[in-house]
Structure formats: structure tokens, C-alpha cells
Amino acid sequence: LTVTTLLWIVTLVLYTNHKGRFDCQGGAYLHNYLVVLLVLLAVIILTLCAIVYISAQGTIMNPGPRRSMPALVYLRALLYFPEFIWACLGAVWVSDNSTGCKPAEVGAVIGAVVSSWIILLSMVVGVLVVFDPLGSQRPGVLPDAPLGMRDLESSESSQLFYTAHTVASRVWESRLRLLCCCLPQDDNHRAAFSSIAQLVSGFFLDTDLVPSDIAAGLALLHQEQDKMEHCRDPDEVLSHSPSSPIDLEVELEKAAHFMQFAAAAYGWPLYVYSNPLTGFCKLSGDCCRSRQAEYDLVGGDTLGCHFTSILQSTGLQYRDFIHISFHNQIYEIPFYVALDHKREAVLVAVRGTLSLKDVLTDLSAECENLSVEGVSGTCYAHKGICQAAHYIYKKLVNDGILSQAFNIAPEYKLVITGHSLGAGAASLLAVLLRSTHPTLECYAFSPPGGLMSKALADYSKQFVVSVVLGKDLVPRLSIPNMEDLKRRLLKMVSNCSKPKYKILMHGCWYELFGGTPDDFPTELENRREEVLSQPLLGEESLLVQRSNTYQSLSSDDSPSHPTHLPLYPPGRILHITEDGINNVSAHCFSQVRYRAEWSNETSFRNVLISPRMIADHMPDVVLHALRSLTREQPFALCPSSMSNSHLNVI
């Protein structure tokens, strides 16, 4: 609505300024195009205003006042046809009938035509990505039907539900192919698309939430979590520490040291982002320099910018690097091997997510068996990250990279590190190499929560240290956690009696400026069923009858039956939290106190909604937090160039 209104205003201004100047050959066509475009946009704006007004009526679970929405949506859809036809005619008239016209008048019409096409194409892409072809309700089993008829209809419903799941998987696979059309369509990509489509379609199949419903539910859930956190006793400290405070300080020192290598693996993009004023200047001298002798060491980096940024970030010399690979495909991620003389370690650093191929590796979240000798219990792990770890393992062992490193420094120990996707791959790589390198250590920064089975997670505690900052989303991401989040979202929106627009408006204010969480009602007192003229999903809907998510809402807090194997973050978990920050704007103006303590996987079973759930995952933020705790960097810079005094609290 906002974009269309702006286009109408700009078109009106152009028409007013150039009215009467279309006296050239074909000028009448250009004049008529602007006039009809203004009328057409006015009708579209009125329709969108009606959609906005009607959609604000009622509550999320009471769509009765919004019963006229389908007719308005169909009306808006019909208006696409004259809009498309008029955009085509405008393009033809501008190209054929602009001879002899003044450049200003022609430019005005060209701007209007281009703007119309941009809006049309963006809407087409949005429909292809968001539209749910399975959203229509389907009749289910009638409760008063005879037993035999009910059995027959139940069998038909099961078949229909299976068909719906299959169709949904195909729809999501087509969307992935469309979004990733620039990638080669080989067997690995096709398998990844199919796996991700199965996962996503199964997750969203039994719900009928639109994006604004999800946004409102997240806003309610964030405020509910903050209210619970404020009610908690501030002096209550849960200690999960498996070692003494001295060991905690030692681990923090080592983590701060190895985090710079994990961050350096991202190459020049993160280096320039972290050093916006001097980054390009420091890299420009070496990026374009021809160094043929280094191409055997630095693979897939034509200009050498990645390698130069790694040298700048780590402080190592060229002779300290054994192998660097920037090769990047699905299930194949970049890494480098270097000699860390300060810690006397052969260091393997794995890069995190930085490309679309890495995203596909992240989303291949099915379980894959990972047999490890000497581990009791079932061993399985995240499929995409497990295959990435196997890829690096084969390169290190089969290509003799580790043998070459230990021939140079036989007294050094093996240390593996990485951030995000790199942390997950580093942890699984450490599991694979543990039998041949019993003294190895692994430092995983912000690792994925859904990474390995309980048996592997317990086994990895002997040699893996995971570092998590604040309310980072990624260490809390797993399929069971997302199922739990979906269930809690449904419960929040089903029990809130406020209109959606009020929830969203207050939620935006709360996210931007903080304050006291609004006391939205979380239960409908004296709830009358006849008031809810139509539930979020119809009671006779096939999806409701076969949905564990909706069936679990009838119980208090009992989770629905798990449909996926549980996965856990790796190793011992060192959790760094911030005190004294109530909102985003205060983060750059108030003192930040960091606290580091040992935690365990039970603290990461729920997704915490927060404005910093993404910012706390950024590698430069994690590095700054570790340096401030270890006093390597007494001041951390805010984006507004304001420096904060960080206090070391362990």
C-alpha cells in the first residue's frame, strides 16, 4: 500500500508538471497512459485500504469480522490483469511513439512504466514464494457418521493428508529451485532441495498462520519471556560448572585466542565489515598483487584478498600456513590449516555460513548415522554438517595435510575451531579425529543446537568447548525446539483477545525502545464458543484432525509427540551473558557487564525471542565479548562509534 501510494503521488506530480506538453507525435498515447495509470492506481489504493481496514478487525483466532476478506483479495487479484496490460502498453508506446517528444516528458513516462513493472514483478515473486496452494479447508470426518462410514472417511482422509504432504513438498522444492536458480543443478543440490522441502513442508503443513500472525505471536512471546525473566530472582545462579574458576579463566583466555582464527576464516568480507575505515586500505596493496607461487597453497582465491585478510587478522606469517582451501560447494566448506606458535598447536579453522551453498548445508537438517568407535549409545548427527566434516576429514587425512603439519612441528597438539556452521563441522571433525589424536581440543563458537545425538554430545565433553553469547538463536535451533516454538506461538495467539494490529504496533515499539512488557491477556476469560465464529483452522478441517500441534493446545504445557530425533549442541558449554541492557538503544549508551559461566544443554531447549538473537551470533560480537572478559580489549566499539566500558565478571 505504501509503495503504491508513493507511485501514485509521484505520477500525479509528473502529470501535473508535464500536462499540456505532449504535443509531439504520439504524445497523446503518453498523455493517456499517465491519466489511466492514475485512475488505475487510485482504484488499487482504495482496494488495499479496504483490505487493511478489514484485516484489522477481530482477533487472530476470531476471523468472523474479516469474512469479507476473500472477496477483497480476489478483487485485488483481478486488478492485476489491467495493471499488467497497461504496463505492457506503456512499454510499447514509450518505445514506438516517443519520437520528437522532449526528453523530460519521455523520461517521466519511462519512470512510471519502470515503476509499474518493478511493483508487478515483486508481487509475482512474492506470490510464488509465499502463496500456499494447500490453504483451502477440506471436509473431515463427521462426528455423527456411522462407524463404517467414519472408517472409510478416515482412510480417505489419511490418503488425502499424504497427498497434501507430497504436493506441499513439491511446491517447496520448486520454490527452492527458483530461489537457487543460479546454482548448478547437480545430484547434491537436487538431494538437498528434496531434503529441505520435506522438512519445511512437514513443519508448516498443519498450521494456517500468515506471516503477520507469526510476527504477532513472536511479539507476544518475547514480552511473555521478558516478564518471566523479570520475575526471576536476580541472585539465583544455577551452577553447571564442571571445573574450578581458575579453569574457567584459562578456558576464556584460550577461547579468546582461538576465536580470532575462527573469525579470520570468513576472509575479507568480515575483515572489511569489522574495519570499515581501514579494511580496504590494508587489503588493497596485496589483493591485486600477482603471487603465482602461492596458488598451490591458496586455492580458489584468485586475487588473494581472503588470504591477505587472514594474515592481517591472525598475525601469522605466510610460512606458518600449511594449507588453505576456499573451495565452496554444498557439503564442502572452506577451511585452513596453520601453525599457531603461541599456543604450540596445529590449528584447523573452519569457515561458517557465508554463501547460499552454505545455507543449503545448514538446512539439510535430517539425521545421519555417525558411527564412532568407543561411544556407547546411538550416534547420529546433522546430515549437512556431518557430510561437511567428512569432506574436511578426507582432505586432512587422505591428502596428507595433517601429516605434513606434524612433520614440521611434531611436538604440537591439534586444535580445531570454527564459528556457526564452522563450529558444527569442527566439532564433528574433532569426533572423527579423536581416535588418532587423543590430545586434540576443539573450540566451537556459536555452534548449531541441533548438531549431534546425546551420546555424541556427552562423548564430546571430553575435548570440545562451546562458547555461546547471550540469546544467540543458532545454538537454540533444532527441529524439536522449532516444533516447541510453533506450539507456543499457536498457544499465545489463540489465547490473546487483542486485535492483531494492536499487538504488532506495541510489539514494534517494545522492540525498538524497550520499556515494560504489555500485560496482554494470555487467557480468554468466560470464553464463549459462539463468539469464535470460525477458528484459525476450521474444526472440520482435515489438517486440524491430524495435527499434533493443535491437539497439544488442549493440554497445559505438554509438548506434542516428537516426530524428529533430538539433537544437542556439542561439548561443555561456556555461556556468556550481558547484564544491564534492557533494549537495543541502551546497548550503545550504558555500561555492559559480562558474565561467563558453565551451562548445559537443558538451558538451550527453548528459542528465546530477543532483538539481539541475531546480533549475538555475529563473529565480531563474540570476539569482542571474549576480549573484554579477558581484558585483551578493554573497550568495545558500538556501531555509533561510542565506546563502552566492559567489566570483567566471571
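For every chain, the first residue of the written sequence is number 1, and numbering continues from 1 onward in sequence order. Only residues with pLDDT of 70 or above have their local features reported here, since the model is predicted, and side-chain atom pairs are shown and tallied only from 80 upward, although totals for entire chains, interfaces and linings are computed over all residues. Values reported for side chains reflect all heavy atoms of the structure, with hydrogen atoms and water molecules removed beforehand.

1. Here we look at the pairing of strand 3 (residues 335-340)
Put simply, the rule reads: Relative accessibility decides the category of a residue: with a 1.4 Å probe and only protein chains considered, values under 20% of the type maximum give buried, values over 50% give exposed, and everything between is partly exposed. By the criteria applied, helices consist of DSSP H or I runs no shorter than four residues and strands consist of E runs no shorter than two, each listed in order from the N terminus. Paired strands, as defined in this entry, are two strands with at least two bridges between them according to DSSP.
With six of six residues buried, strand 3 is to be regarded as a mostly interior element. The alternating pattern of strand 3 places Phe335, Val337 and Leu339 and Tyr336, Ala338 and Asp340 on opposite faces, both of which are buried. Where strand 2 (residues 321-325) and strand 3 come together, four bridges link them in antiparallel fashion. Residue pairing for strand 3: serine 325 is matched across the bridge by phenylalanine 335. Alignment of strand 3 against strand 4 (residues 345-350), held across six bridges, turns out to be antiparallel.

2. Describing the pattern of salt bridges
Rules: A carboxyl oxygen of Asp or Glu within 4 Å of a side-chain nitrogen of Lys or Arg is what we treat as a salt bridge.
Within the structure shown, the criterion is met by 17 salt bridges. Note that lysine 471 and aspartate 226 form a salt bridge whose closest N and O atoms lie 3.9 Å from each other. With a gap of 245 residues between them, lysine 471 in the loop between strand 9 (464-469) and helix 18 (479-495) and aspartate 226 in helix 8 (residues 211-231) connect regions that are remote in the sequence. The class for lysine 471 is partly exposed, based on a relative accessible area of 21%. For the salt bridge of aspartate 458 with lysine 461, the shortest nitrogen-to-oxygen distance reads 3.6 Å. Residue class for lysine 461 comes out partly exposed when judged on its relative accessible area of 30%. If you follow the salt bridges from partner to partner, you end up with Lys454, Asp458, Lys461 and Glu601 in one network.

3. Here we look at the packing of aromatic side chains
Here is the rule: Centres within 6.5 Å make a pair out of two Phe, Tyr or Trp rings, where for Trp the six-membered ring is used; the pair is then stacked when the planes are under 30 degrees apart, edge-to-face when over 60, and tilted otherwise. For a ring to carry a charge above it, either NZ of a lysine or CZ of an arginine must fall within 6 Å of the ring centroid while also lying within 35 degrees of the normal to the ring plane.
Inspection of the entire model under this criterion finds six aromatic pairs. Ring geometry for phenylalanine 84 and tryptophan 117: centres 5.7 Å apart, planes at 85°, overall edge-to-face. Placement of phenylalanine 84 in helix 4 (residues 80-96) and of tryptophan 117 in helix 5 (residues 103-130) is noted, with a sequence separation of 33 residues between them. Taking the relative accessible area as the measure of exposure, phenylalanine 84 reaches 44% and is therefore partly exposed. On the basis of relative accessible area, tryptophan 117 is assigned to the partly exposed category, the value being 25%. Members of the aromatic cluster, each reached through a chain of ring pairs, are Phe307, Tyr318, Phe321 and Tyr336. The cationic tip of arginine 76 hangs over the ring face of tyrosine 80; the distance from NZ or CZ to the ring centre is 4.0 Å. The positively charged end of lysine 454 is found above the aromatic ring belonging to tyrosine 568, 5.6 Å away from the centroid.

4. Structural notes on the environment of glycine 384
Condition: Contacts are residue-level and defined by heavy atoms, with any inter-residue pair within 4.5 Å sufficient.
Relative to the elements of secondary structure, glycine 384 occurs in helix 14 (residues 383-398). For the pair glycine 384 and valine 359, spaced 25 residues apart in the sequence, the C-alpha separation amounts to 9.8 Å. Excluding its chain neighbours within four sequence positions, the residues that come into contact with glycine 384 are Tyr331, Thr361 and Ser364.

5. A word on helix 3 (residues 69-78)
Just so we agree on the cut-off: This arc is taken over the directions from the axis of the helix to the C-beta atoms.
Turning to helix 3, its buried residues are Met69, Leu72 and Arg76. Mapping the buried residues of helix 3 onto a view down its axis gives an arc of 65°, with all of them on the same face. Exposed side chains of helix 3 directed beyond 90 degrees from the buried face belong to Ala71, Tyr74 and Leu78.

6. Section: the nonpolar core
This is how it is decided: In this description, a nonpolar core means a group of buried Ala, Val, Leu, Ile, Met, Phe, Trp, Tyr and Cys residues linked to one another through side-chain atoms lying within 4.5 Å.
If you look at the biggest cluster of nonpolar residues, it comprises 48 residues, and the most contacted ones within it are Val346, Val348, Leu396, Leu414, Ile416 and Leu428. Mapped onto this core, the elements with two or more residues apiece are strand 3, strand 4, helix 14, helix 15 (401-408), strand 7 (413-419), helix 16 (421-433) and helix 17 (454-460). Top element by residues in this core is helix 16. It accounts for nine residues. The contacts of leucine 414, once residues within four sequence positions are left out, are Val346, Val348, Leu402, Phe406, Leu433, His437, Thr439, Leu440 and Glu441. Formed by 42 residues, the second largest nonpolar core is a distinct cluster that contains Ala264, Ala265, Ala345 and Val467.

7. Considerations on the environment of phenylalanine 258
With respect to the secondary-structure elements, phenylalanine 258 resides in helix 9 (residues 245-264). With 89 residues separating them in the primary sequence, phenylalanine 258 and leucine 347 have C-alpha atoms 8.9 Å apart. When residues no more than four places from it in sequence are discounted, the contact partners of phenylalanine 258 are Asp340, Arg343, Leu347, Val415, Thr417, Tyr443 and Phe445.

8. Some words on the packing of helix 8 against helix 18
Rule in force here: Lines fitted to the C-alpha atoms define the axes, with helices restricted to the stretch that makes contact. Angles between their N-to-C directions range from 0 to 180 degrees. Here is the rule for angles: anything less than 35 degrees is roughly parallel, anything more than 145 is roughly antiparallel, 65 through 115 is roughly perpendicular, and the remaining ranges are oblique.
At a closest axis distance of 9 Å, the pairing of helix 8 and helix 18 adopts a crossing angle of 90°. If you check the angle between helix 8 and helix 18, you find them roughly perpendicular. Counted together, Asp213, Ile214, Gly217, Leu218, Leu220, Leu221, Glu224 and Gln225 of helix 8 and Leu485, Arg488, Leu489, Met492 and Val493 of helix 18 form the full contact between these two elements.

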